[in-house]
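Next come the chains, spelled out residue by residue.
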Amino acid sequence: MSNLDLTIHVWRQKDRKAAGKMVTYKVTGVSEHASFLEMLDILNEQLIAKGEEPIAFDHDCREGICGMCSLMINGRPHGGQRGTTTCQLHMRRFKNGDEIWIEPWRAHAFPVIKDLCVDRTAFDKVVAAGGFITANVGSAQDANSILVPKEKADRAMDAAACISCGACVAACPNSSAMLFVAAKLVHLGSLPQGQPERMHRTRSMVGAMDAAGFGNCSNHYECEAACPKEISRDVIAEMNRDYAKASIVKRDRVVKTDGAG
């Protein structure tokens, strides 16, 4: 097993209002089997030993599930390795003596809180705009009483793989959240339980996305390439179709209501 000595350029920013800048550090003795976040832990230990303030970065499960780790590594979300989150990226992907640039997500809707941490509350607002699923089931049903075709179940599961990390937003030149929102909508829209509010949910979540300040999609598909769960851009097309239908349904309802006085 070999250890790595690296030069790390990290974005340091005291708070939302402060001006940030890149700061260079040397980190030594990093195992090639360590994860990227473990490398940052080692760097922070070395900074603390020197009496310096450690680098703030988001993390939680470190198993590629929670979506908390959110770093631009050498200009690529999560480091650019296909189907890999930052916490799943290992230092054996780097060479001894490498220079590594680390920044937070860059998007208007994701303001920097401190150093590498950004505020992703905008995602929470989009999800909350989707509301609840209405299903009048009476007493508790057996697990398999609502039949779902396998094709639909697979479609829903693929979309549900989204961990809300925000890599799609960070990768997009327009900071669009279309892949994230579409994944959430297709997840519910593929299941029988998601049908009653499907049109309303689509209008509400797309509206919340626009209100949060995310940019428009211009079909660069950087989102698909950066997604650590490899969610297909096809979900965006499905969301766009539903949004077009939802707009027509809403207009029809307004006409009927006005006609009824």
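Above this text is the structure in question.
Keep in mind the model is a prediction, meaning the values are calculated, not measured. (Residues numbered from 1 in each chain as written. Predicted model: local features only at pLDDT ≥ 70, side-chain atom pairs only at ≥ 80, totals over all residues. Heavy atoms only, no water.)

Enquirer: Please explain empty space enclosed by the protein as it appears in this structure.
Expert: A water-sized probe, rolled over the atoms, reveals where empty space remains. Considering all chains together, one arrives at 5 cavities of 30 Å³ or more under this definition. Surrounding the largest cavity, 16 residues form its lining, Cys-162, Ile-163, Cys-165, Cys-168 and Cys-227 being those nearest its centre. Looking at the lining of the largest cavity, the elements with two or more residues in it are α4 (167–171) and α5 (178–189). Residue contributions to the lining of the largest cavity peak at 3 residues, all from α5. In the lining of the largest cavity, the residues fall into 13 nonpolar, 2 polar and 1 charged. When its volume is computed, the second largest cavity comes out at roughly 100 Å³. Lining the second largest cavity are 13 residues, with Cys-172, Ser-176, Cys-217, Tyr-221 and Cys-223 positioned closest to its centre. Sorting the residues of the lining of the second largest cavity by element identifies α5 and α7 (222–226) as the ones contributing at least two each. Here the lining of the second largest cavity is built from residues that sort into 8 nonpolar, 4 polar and 1 charged. (1 Å grid on protein atoms, 1.4 Å probe; cavity = no way out; pocket = protein on both sides within 12 Å on 5 of 7 lines; lining within 4 Å. Points joined across faces, edges and corners; volume = space filled by probe spheres on them. Helix = DSSP H or I, 4+ residues; strand = E, 2+ residues; numbered from the N terminus. Nonpolar A, V, L, I, M, F, W, Y, C, P; charged D, E, K, R; others polar.)

Enquirer: Help me understand the sheet that holds strand β3 (residues 71–73) in this model?
Expert: In a beta sheet, neighbouring strands pair by backbone hydrogen bonds and run either parallel or antiparallel. Read across the sheet, 5 strands follow the order β2-β1-β5-β3-β4 without closing on themselves; strand pairing throughout is mixed. Bordering the open sheet on either side are β2 (21–31) and β4 (76–77), each of which pairs with just one other strand. Judged from the 2 bridges that link them, β3 and β4 form a sheet pairing that is antiparallel. The residue of β4 that forms the bridge with Ile-73 is Arg-76. This element, helix α1 (residues 36–49), spans β1 (3–12), β2, β3 and β5 (99–104) of the sheet and lies at about 105° to β2. (Pairing = 2+ DSSP bridges. Contact = heavy atoms within 4.5 Å. Axes fitted to C-alpha atoms, helices over the stretch in contact; angles between N-to-C directions.)

Enquirer: Quick question: what am I supposed to make of unusual backbone geometry here?
Expert: Of all residues except glycine, most have a negative phi; of all peptide bonds, most are trans. One non-glycine residue, Arg-62, adopts positive backbone phi at about 55°. With respect to the element layout, Arg-62 can be found in the loop between α1 and β3. Its identity as a non-glycine residue notwithstanding, Ser-175 has a phi of 55°, on the positive side. The residue Ser-175 is located in the loop between α4 and α5 in this model.

Enquirer: What exactly am I supposed to notice about the nonpolar core here?
Expert: Note that soluble globular proteins tend to have their nonpolar side chains buried in a common cluster. Grouped together as the largest cluster of nonpolar side chains are 40 residues, with contacts concentrated most on Phe-110, Val-169, Leu-179, Val-181, Met-209 and Phe-214. Looking at this core element by element, the count peaks at 8 residues for α5. In contact with Phe-110, not counting residues within four places along its chain, are Trp-105, Val-118, Asp-119, Arg-120, Phe-123, Gly-166, Val-169 and Phe-214. If you look at the next biggest cluster of nonpolar residues, it comprises 28 residues, including Ile-8, Cys-69, Leu-89 and Ile-102. (Core = buried A, V, L, I, M, F, W, Y, C linked by side-chain atoms within 4.5 Å. Buried < 20%, exposed > 50% of the residue type's maximum accessible area, 1.4 Å probe, protein only.)

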